[in-house]
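# Analysis of the macromolecular model
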Amino acid sequence: MKLFNLVEKQSNKCYYCKCEMSDVKGSLNRATVEHLIDKWSSPKHRKIEKSENLVAACFNCNNTRGYRDWE
């Protein structure tokens, strides 16, 4: 699933903090693709690219999540 589709599906809101996302490079609110199950938690340390594992998150949330489980 492409980032545009994820953002549209979520009404342009970050999956975690619900902020309005942008497409401005360098912005903390810039939309990014986030893997709910990260590659380090998945079998053989591979990214799971299934649509149910992908959400749109702002740059800030995506890069501060670390190994925390947000479910």
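As a starting point, this report considers the structure included with it.

## Re the overall build of the protein chain
- Scanning the protein chain from terminus to terminus reveals 2 helices and 2 strands.
- Secondary structure elements of the protein chain, listed N to C terminal, follow the sequence α-β-β-α.
- The C-alpha atoms of the protein chain give 12 Å as radius of gyration, which agrees with the globular expectation for 71 residues (11 Å, within 12%).
- Across its three principal directions, the C-alpha atoms of the protein chain cover 35 × 25 × 20 Å.
- A burial count over the protein chain gives 34% of its 71 residues as buried.
- Look at the contacts in the protein chain between residues 6 or more apart in sequence, and 57% of them connect residues 24 or more apart.
- Surface exposure of the protein chain reaches about 5,100 Å², of which carbon and sulfur atoms provide 53%.
- Looking at charge distribution, the protein chain has the averaged site of its 13 positive side-chain charges lying 5 Å from that of its 9 negative ones.

## Overview of the packing of aromatic side chains
- For the coordinates displayed, the defined rule picks out 1 aromatic pair.
- Seen in terms of ring centroids, Y15 and Y16 are 5.1 Å apart; in terms of plane orientation they differ by 85°. Their pairing is edge-to-face.
- Relative accessible area serves as the criterion here: at 13%, Y16 is assigned to the buried category.
- A cation over a ring is seen here: K18 above Y15, with NZ or CZ 5.6 Å from the ring centre.

Conventions we followed
Residues numbered from 1 in each chain as written. Predicted model: local features only at pLDDT ≥ 70, side-chain atom pairs only at ≥ 80, totals over all residues. Heavy atoms only, no water. Helix = DSSP H or I, 4+ residues; strand = E, 2+ residues; numbered from the N terminus. Rg over C-alpha atoms; globule rule 2.2 N^0.38 Å. Buried < 20%, exposed > 50% of the residue type's maximum accessible area, 1.4 Å probe, protein only. Contact = heavy atoms within 4.5 Å. Areas by Shrake-Rupley, 256 points an atom, 1.4 Å probe, with all protein chains shown as cover. Lys, Arg positive; Asp, Glu negative; His and termini not counted. Charge placed at Lys NZ, Arg CZ, Asp CG, Glu CD. Phe/Tyr/Trp six-rings, centres within 6.5 Å; stacked < 30°, edge-to-face > 60°. Lys NZ or Arg CZ within 6 Å of the ring centre and 35° of its normal.

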